[in-house]
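Residue-level listing of the chains:
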Amino acid sequence: MNRSSFSAIASVAYKEFLHIYRDRRVLILLLILPPVFTLVFGHAFEAGEMKNVPALLINRDLTPRAERFMELILANKTFAWQTQPPSMTGEDDLLGHDVQAALVIPQGWSDSITTGAPVPLRLYLDGSDTNTADLLEGSVRKTLGDFQQEALVELIDKLPEDVIELAKKVPVQVRKQFSSMMEPWKTDPTILYNPKTRFIDYVVPGVIGLILQLITVTLMASTLARERESGTLFQLMVTSLRRREIVLGKVIPYLAISIVLILFIIVLTGWHFQVQFNDPWTLALICFLFLLCSLGMGLLISAISRTQTQAIQFSVFFLLPVFVLSGAFAPLEQLPKAIQYISELFPLTHFCRAFRLVNLYRAAPQFYAADLIMLFVGVVITFVGAVYLLRRIEQ
């Protein structure tokens, strides 16, 4: 590429920079939305321990054992318990009581434990969010398990002396087996790759990709359509500028702005959400290829759109399935196989996978090389396609 080409590209880029600067709506979009979206999406997906979930607690047993369990469950910080009298009815109307759970200790619960046929506690959960329901049930089960363990220890302490003496005559191996059966069996988990189990660490590439694609594809898709709508595109076509010079001149301003946005988003997520970023140079390469691919997609949409309205409609049509099916916020393995194959067509899929492999797994290059290749192929296809469509416009 000679000096005249650089000069031509620079003149188109300068023109595009001026348009961005003069368009206050675009400036607001670029300056305000990225940090706002980063904070909103980050807090929406920030995984922390569930606390103060509104819930009802009804004790209809009114026995000392039930009272002791009440003390233990009230200390569970997962719930913000609203204790209700035994006479209360309609505890299954969670919506009417503006709660997400209700726990009822039924009458006769303590006696049923004594007779060896324990009656289960009734637990009502809001299942509209299946993840929340499972977490709340697990929290109640843990508290109930702790209470049962305390009751077992208390029962053993109250055994008569002759029973203790008789137990000593049981062979040691049998006593060990009996003791093993009485104690809850446990696992010794070691959590790898995301030891703090924070969802924000998993979802951060999805947040970055969501914001970048929303801005780059939409703005880039409008650029040529705007030129065509105003009639200036044909004026560019009849100049000595080559089609690739027009394409590069249009892309460079948005590429430069997007790089600044990426740096800002990463700094914000690292500072505000304490997300750690590993191997920054590899992450920079992944982000750069993804940016080029997103800009190329926006340029391609712009080239096939006759008006800005059409460009925005095509952008939305492209972005909606991408955000849902790209694995940005949920593992792709949870999707049906046919959908997984379709997801491989989206640049965001490869961006999120490569980003996580580098940042969370600290994987070697062979694990994410295929994703880099797919992003590079996407760059080539979109830019070549845009140049080809510009030539068709000229004809």
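This text gives an overview of the structure that appears in the document. Since the model is a prediction, treat every value here as computed from it, not as a measurement.

### Notes on unusual backbone geometry
Then, in step 1: Of note in this structure, Gln-274 is not a glycine but carries a positive phi near 55 degrees.
Then, in step 2: For Gln-274, the position within the fold is in the loop between α12 (243-272) and α13 (280-304).
Then, in step 3: In this model, Asp-279 sits at a positive phi of 50 degrees, which is unusual for a non-glycine residue.
Then, in step 4: Secondary-structure assignment places Asp-279 in the loop between α12 and α13.
Then, in step 5: Its relative accessible area of 39% is what places Asp-279 among the partly exposed residues.

### Points about the pairing of strand β3 (residues 101-105)
Then, in step 1: Buried residues dominate β3, accounting for 5 of its 5 residues.
Then, in step 2: Both faces of β3 are covered, namely the face carrying Ala-101, Leu-103 and Ile-105 and the face carrying Ala-102 and Val-104.
Then, in step 3: When β3 meets strand β4 (residues 122-125), the two strands line up antiparallel, connected through 4 bridges. Bridge pairing in β4 places Ala-102 opposite Tyr-124.

### Section: the sheet that holds strand β1 (residues 53-59)
Then, in step 1: Here 4 strands make up an open sheet; going across it, the order is β2-β1-β3-β4 and the pairing mixed. The sheet is open, and its two edges are formed by β2 (79-84) and β4, each paired on a single side. The sheet shows a mean angle of 20 degrees between the axes of neighbouring strands, direction not considered.
Then, in step 2: Judged from the 5 bridges that link them, β1 and β3 form a sheet pairing that is parallel. Each bridged residue has a counterpart across the sheet, and for Leu-56 the counterpart in β3 is Ala-102.
Then, in step 3: In the packing of helix α4 (residues 64-74) onto the sheet, contacts are made with β1, β2 and β3, and the angle to β1 comes to roughly 175 degrees.

### What about the side chain of Thr-269?
Then, in step 1: The topology assignment puts Thr-269 in helix α12.
Then, in step 2: A polar side-chain atom of Thr-269 sits 3.0 Å from the main-chain carbonyl oxygen of Ile-266.
Then, in step 3: Residue contacts for Thr-269: discarding those within four places in its chain leaves Thr-38, Val-204, Gln-274, Val-275 and Phe-277.

### Some words on the packing of aromatic side chains
Then, in step 1: Considering all chains together, one arrives at 9 aromatic pairs under this definition.
Then, in step 2: Three or more aromatic residues joined by ring pairs make a cluster, and in this case those are Phe-277, Phe-290, Phe-351 and Phe-355.
Then, in step 3: One residue, Arg-356, lies across the ring of Tyr-202, its end atom 3.9 Å from the ring centre.

### Quick word on the pattern of salt bridges
Then, in step 1: According to the stated counting rule, one finds 6 salt bridges in the structure shown.
Then, in step 2: Put simply, Glu-137 and Arg-141 hold a salt bridge, and the shortest N to O gap is 3.1 Å. Here Glu-137 pairs with Arg-141, and both are found in helix α7 (residues 130-157), just 4 residues apart, close to one helical turn.
Then, in step 3: A residue is classified by how much of its surface remains accessible, and Glu-137, at 28% relative accessible area, is partly exposed.
Then, in step 4: Between Arg-353 and Glu-344 there is a salt bridge, with the nearest N and O atoms lying 2.6 Å from each other.
Then, in step 5: Overall, Glu-344 belongs to the partly exposed group, its relative accessible area being 26%.
Then, in step 6: Through salt bridges with shared partners, a single network forms among Glu-344, Arg-353 and Asp-371.

### A few points about the pairing of β2
Then, in step 1: Direction of pairing for β1 relative to β2: parallel, over a ladder of 6 bridges. Looking at the pairing, Ala-55 lines up with Trp-81 of β2.
Then, in step 2: Remark: the β1/α4/β2 crossover connection has right-handed handedness.

What counts and what doesn't
- Residues numbered from 1 in each chain as written.
- Predicted model: local features only at pLDDT ≥ 70, side-chain atom pairs only at ≥ 80, totals over all residues.
- Heavy atoms only, no water.
- Helix = DSSP H or I, 4+ residues; strand = E, 2+ residues; numbered from the N terminus.
- Buried < 20%, exposed > 50% of the residue type's maximum accessible area, 1.4 Å probe, protein only.
- Pairing = 2+ DSSP bridges.
- Axes fitted to C-alpha atoms, helices over the stretch in contact; angles between N-to-C directions.
- Contact = heavy atoms within 4.5 Å.
- Polar contact = N/O pair within 3.5 Å; in protein donor to acceptor, adjacent residues only side chain to side chain.
- Phe/Tyr/Trp six-rings, centres within 6.5 Å; stacked < 30°, edge-to-face > 60°.
- Lys NZ or Arg CZ within 6 Å of the ring centre and 35° of its normal.
- Salt bridge = Lys/Arg side-chain N within 4 Å of Asp/Glu carboxyl O.
- Right-handed = clockwise from strand over helix to strand, strands pointing away.

The analysis is restricted to geometry; functional conclusions fall outside its scope.
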